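Notes for the structure review
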Protein chains: 2
Amino acid sequence: MSTTPVDLSHHLSQEARLRKPNAMKQIWRLARRKPNMISLANGDPHSSLYPIQSLTFNVASVAEKDPVATWRAGGSSAPTHTLTSSRDEASVLPVRTAFQYTTGAGLIETQQAVTELTRFYHNPPDHAATLTLGNGDGVTKCFRLLGSPGDHFLADEFTFSSLANAAVPHGIKWVSVKIDEGGLIPEELENILVNWSEERGPRPHVLYTVPCGQNPTGSTLSVERRKKIYELARRFDLLIIEDDPYYFLQYTSEPSSPEAEAAPAGSEGAVSSRGLAPSFLSLDTDGRVLRVDSFSKVFAPGMRLGVITSSPFFHAHLVALTDSSTQHPHAFGQLFLAELLGPAGWTLAGFDAWVRSLRDEYRRRRDVFLGFFETEVAPLGLVDASVPEAGMFVWTKINVERHPRFRREAGEAKAQGARTNCRQLMEELFELCLDNGLVVMPAWVFALPTDPKYDDPENPVEDRMNYFRLTFAGTEEAMEDGLKIFGQSLKEFFVEKPKPVEN
Amino acid sequence: MSTTPVDLSHHLSQEARLRKPNAMKQIWRLARRKPNMISLANGDPHSSLYPIQSLTFNVASVAEKDPVATWRAGGSSAPTHTLTSSRDEASVLPVRTAFQYTTGAGLIETQQAVTELTRFYHNPPDHAATLTLGNGDGVTKCFRLLGSPGDHFLADEFTFSSLANAAVPHGIKWVSVKIDEGGLIPEELENILVNWSEERGPRPHVLYTVPCGQNPTGSTLSVERRKKIYELARRFDLLIIEDDPYYFLQYTSEPSSPEAEAAPAGSEGAVSSRGLAPSFLSLDTDGRVLRVDSFSKVFAPGMRLGVITSSPFFHAHLVALTDSSTQHPHAFGQLFLAELLGPAGWTLAGFDAWVRSLRDEYRRRRDVFLGFFETEVAPLGLVDASVPEAGMFVWTKINVERHPRFRREAGEAKAQGARTNCRQLMEELFELCLDNGLVVMPAWVFALPTDPKYDDPENPVEDRMNYFRLTFAGTEEAMEDGLKIFGQSLKEFFVEKPKPVEN
């Protein structure tokens, strides 16, 4: 591992460079030179005026062998574990402390808890934790920290559009990297960087990617691809925003067992860490990875508390950005995490037991989904389904070429844009599913918003819109009923019917 | 009141104009045309996998005559009120619902609760609530929604610097408006707008102001000034960001009583609403006010949940901005508010009882502070203290002219910058206080970051840095001990001593 710190300060956005140091914090720094300083400085309501005496969370017990299965089977009588934070009594993070103002970095107790968690799974060299308001907040803060108007960022050509779109108002221009069932293709990334023409603008300096159970394609990057991509990042001075909300939902082919995965995280040459793929963070010797973690898929979306793990340099800038935008995360979630991971809570071992059990649950769900797919959809021969190794999505490819009305642009050499009517047919199929009572997410929702001028003329993305994202996060009834409607709609759609063709 | 909506869309920032509609939300809009749609679309973990069965909050009881005094006097045995939200049992906002993904606007139950609260105190015409992650998030979202690079925004010349500084990286330029003990001076605002030269850039189109217990000066705008400022806003097409965290800490001269304030909120010609000054929001017929409310001073800073009340037009844009940045607020606080204000909680009447009692508490604190000031500091004749009617700050003016080393620039006609050594002396006094064990907040921390080129050459802000902000939010011991040190430091400082003068 490199021991010389790499200077990556040139990656900061204009906005980050214009940010002024916080004058009030400078005063506090001065004040810290003496102990027992009396303060008439800060307008913090006194904790005796907080109307909250205690918060109690009744959470799932992790004492069972398979805690998620036990929790689901037990319903409202499942065994629970009680966490309490009181205003006045001893707890890891008492209400009195948790509900004060803190810096953008969050409360020290919670920072420590998430730092321990990250060390357990990723063991990164010299990185620091910045608490966020959840995944969306974490990723968009990275965009704002790194992207100036006119900058180019790279991303998977199909990605979660709410986040990709969020970069556009900052003047960030997206450059898409082709993907396959194994996720982002390193050779495609290399091609773009090697052949970049400065006429187009500055060469991309940030890669945004979702390495596990990618949204929408469900793909997971192999260790080999991760290493290749990280090497490309070093060679071309890229930063990597590793957005990894599905990290804990990596289900191996066999049910997980702690014994089989005894290799300590981050040990030299370890292929996996705790049975999970090594993150970009765990490979990051240079400090060029900003890893964004979320608890939304592990606990619940309403948590709205996550973490960015980065070099201390970017950490300091993320804290400054937090102080001058959202301010620090809410006490409720910080207190919840600190108590849950603390000695009277689940502890780290209990958390690991929960996520192992959760992985089994999602693998079970995936298999239930694929089982229904096998009976209701596959026999038509019109759709292929990916078999994800992580996350909650199946990316289904419609064999649009088999549709009677499918056509290619005849003979003419088109400079850019669609060469087939793929998208139009897919819009029809999507509408038909809706009419039949089923909502699915069509590929065009996820197409990275790029300048079509730079699309591949031989293989434009518009001609690859023949995918739908389906999820197995819902109930088994929804999977069964939904896939029946999906199969029925496909059957209707691929049978040529007299149909009014508009335009 | 005007019934024709005023088109204010030209106030949107470049960023807001570049924001793309959320494609996934468009899909959902399409899907809503049929009931009972089956969804395989969204990746939301099923609520049976949330490891939280219930949340219980033990909060202060508001059944007593003076609930805050009772709460403080009772310590850990004070009467409490229990709020519970369960995953599976009936509550205003069950865990099952609260912890799902929602839109940027937040959960409907919480939106309704805060809308009712706003109606109770402000009764604004045709406005909508957008939940925020607290005051800082609310204000900075308004900056991003309205400020393009090169835009000018107006603000009080001394203001909370963390927020004013947060506008700078967006390219917003501040223009300061002079203030006095009554807050922002309408005539100064008018002067700036009437005499604006387009050579300086576009005329300011946004005013950011804190109308009650202003931070740092503690001033509160009179009804007359509010009306004048609103009229200027209409005349010069300004929007007003009304940042009002101390609204509920307005203490009238006499202890509050519900009977004395029977006039319904928003009634024609009412000077006060619920005994509180009428907000800009309550005067807003045009939809040009974006009011930012916070619960940090009423409950606790760690709440990190607030609300922006604005016209439906700006509401829609704020929701889009939220969806593409922080995402919706945390479930914990949304659930807390919905249960607290709901029928099994405090209800609105109980909330009002709490804040009335809190106002009495802060008036009592102010009086305790001023009592110590009277004995420890005032007799020196070196400092004047403001007597705030709201908030938690006393703005103290040091009579710097009386210092033996105070001097004015001799004779020469300075084009710009300081004409006295006021700031230097104040930095010395600040350091002396620190050496003596006291932290106070010096005026320069709060000076609006403006271009000094446009400062008033006759009365530059640098020569008005002879103020310190002191707070009475802490304990009585801190007030007493702190003011003793303050008095002692002043005494030492104003007595000429042989002192090494650097440079």
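What counts and how
Residues numbered from 1 in each chain as written. Chains lettered and ligands numbered in written order. Predicted model: local features only at pLDDT ≥ 70, side-chain atom pairs only at ≥ 80, totals over all residues. Heavy atoms only, no water. Contact = heavy atoms within 4.5 Å. Buried area = accessible area lost by both parts, 1.4 Å probe. Salt bridge = Lys/Arg side-chain N within 4 Å of Asp/Glu carboxyl O. Polar contact = N/O pair within 3.5 Å; in protein donor to acceptor, adjacent residues only side chain to side chain. Helix = DSSP H or I, 4+ residues; strand = E, 2+ residues; numbered from the N terminus. Nonpolar A, V, L, I, M, F, W, Y, C, P; charged D, E, K, R; others polar. Pairing = 2+ DSSP bridges. Core = buried A, V, L, I, M, F, W, Y, C linked by side-chain atoms within 4.5 Å. Buried < 20%, exposed > 50% of the residue type's maximum accessible area, 1.4 Å probe, protein only. Axes fitted to C-alpha atoms, helices over the stretch in contact; angles between N-to-C directions. Parallel < 35°, antiparallel > 145°, perpendicular 65-115°, else oblique. Left-handed = near helix turned anticlockwise from the far one by under 90°. Least-squares fit on C-alpha atoms with pLDDT ≥ 70 in both. Lys, Arg positive; Asp, Glu negative; His and termini not counted. Right-handed = clockwise from strand over helix to strand, strands pointing away.

**What to know about the interface of chain A and chain B**
- Every contact between the two is made by 117 residues of chain A and, on the other side, 117 residues of chain B.
- Summing both sides of the interface, chain A and chain B together bury roughly 9,600 Å²; the carbon and sulfur share of this comes to 64%.
- Among the residues chain A hides against chain B, the three largest losses belong to Leu40, Leu49 and Pro51 of chain A. Together they make up 9% of the total.
- Residue Glu431 of chain A is joined to Arg33 of chain B by a salt bridge in which the shortest nitrogen-to-oxygen separation is 2.9 Å.
- Summed over the shared surface of chain A and chain B, the result is 47 residue pairs in polar contact (both at pLDDT 80 or more).
- Broken down by element, the side of chain A that touches chain B gets its largest block of residues, nine residues, from strand E2 (residues 52-60) of chain A.
- Partitioning the side of chain A that touches chain B into residue classes produces 63 nonpolar, 35 polar and 19 charged.
- Pairing of strand E1 (residues 38-39) of chain A with strand E15 (residues 438-439) of chain B involves two bridges; the strand directions are parallel. The residue of E15 of chain B that forms the bridge with Ile38 of chain A is Leu438 of chain B.

**Let's talk about the nonpolar core**
- Core analysis: the biggest nonpolar cluster contains 315 residues, and Phe99, Phe351 and Phe486 of chain A together with Phe99, Phe351 and Phe486 of chain B have the highest contact counts within it.
- Contacts of Phe486 of chain A, omitting those with residues within four sequence positions, involve Val377, Val383, Thr396, Ile398, Cys433, Leu438, Phe468 and Leu470 of chain A.

**Observations regarding the packing of helix H13 (residues 347-376) of chain A against helix H15 (residues 476-494) of chain A**
All names here are of chain A.
- Where H13 meets H15, the axes come as close as 9 Å, and the angle between the chain directions of the two elements is 30°. Comparing the axis directions of H13 and H15 gives the class roughly parallel. In this structure, H13 crosses over H15, and the sense of that crossing is right-handed. Touching Arg364, Arg365, Val368, Phe369, Phe372, Phe373 and Glu376 of H13 are Glu476, Met479, Glu480, Leu483, Lys484 and Gly487, all from H15.
- Here the contact of H13 with H15 is built from residues that sort into six nonpolar, one polar and six charged.

**Overview of the pairing of strand E12 (residues 306-310) of chain B**
Residues and elements named next belong to chain B.
- Burial within E12 is extensive, with five of its five residues counted as buried.
- The two faces of E12 match: Gly306, Ile308 and Ser310 on one face and Val307 and Thr309 on the other face are all buried.
- Of the pairings in the sheet, the one linking strand E11 (residues 289-294) to E12 comprises four bridges and is antiparallel in character. In the strand pairing of E12, Ser294 is matched with Gly306.

**Concerning the relation of the copies chain A and chain B**
- Turning chain A through 180° and shifting it by 0.0 Å along the axis lays it on chain B, with an RMSD of 0.0 Å. Read as a symmetry element, the transformation amounts to a two-fold axis. Across chain A, the rotation axis passes nearest the C-alpha of Thr56 of chain A, at a separation of 2.5 Å.
- Both copies present the same face, since 100% of the interface residues in chain A are matched by interface residues at the equivalent positions in chain B.

**Some remarks on the side chain of Asp284 of chain A**
Residues and elements named next belong to chain A.
- With respect to the element layout, Asp284 can be found in the loop between helix H10 (280-283) and strand E11 (289-294).
- No salt bridge is formed by the buried Asp284. Its closest oppositely charged neighbour is Arg288, at 5.5 Å.
- Engagement of the side chain of Asp284 in a polar contact is seen with the side chain of Tyr230, the distance being 2.6 Å.
- Among the polar contacts listed, one links the side chain of Asp284 to the backbone nitrogen of Gly287, at a separation of 3.0 Å.
- Beyond its immediate stretch of four places on either side in the chain, Asp284 contacts Pro125, His127, Tyr230 and Val289.

**Looking at the pairing of strand E10 (residues 239-243) of chain B**
All names here are of chain B.
- Among the five residues that make up E10, five are buried, leaving the element largely enclosed by the rest of the structure.
- Where burial is concerned, the two faces of E10 agree: the one with Leu239, Ile241 and Asp243 and the one with Ile240 and Glu242 are both buried.
- Once you follow strand E9 (residues 206-209) into helix H9 (residues 223-235) and on to E10, the crossover reads as right-handed.
- For E10 and E11, the ladder comprises four bridges, and the chain directions are parallel. Along E11, the bridge assignment pairs Ile240 with Val289.

**Here's the deal with the pattern of salt bridges**
Residues and elements named next belong to chain A.
- Scanning the entire structure with this criterion turns up 62 salt bridges over all chains.
- With a shortest N-O distance of 2.8 Å, Arg144 and Glu15 are connected by a salt bridge. One end of the pair, Arg144, is in helix H6 (residues 135-146); the other, Glu15, is in helix H1 (residues 14-18), and 129 residues separate them in sequence. Accessibility assignment for this pair places Arg144 and Glu15 in one class, buried.
- Where Arg288 meets Asp237, a salt bridge forms, and the shortest distance between an N and an O atom there is 3.1 Å. Residue Arg288 is located in the loop between H10 and E11, and its partner Asp237 is located in the loop between helix H9 (223-235) and strand E10 (239-243); the two are separated by 51 residues in the primary sequence.
- Given a relative accessible area of 23%, Asp237 falls into the partly exposed group.
- Look at the salt bridges and you will find they share partners, linking Arg72, Glu361, Arg364, Arg365 and Glu476 into a network.

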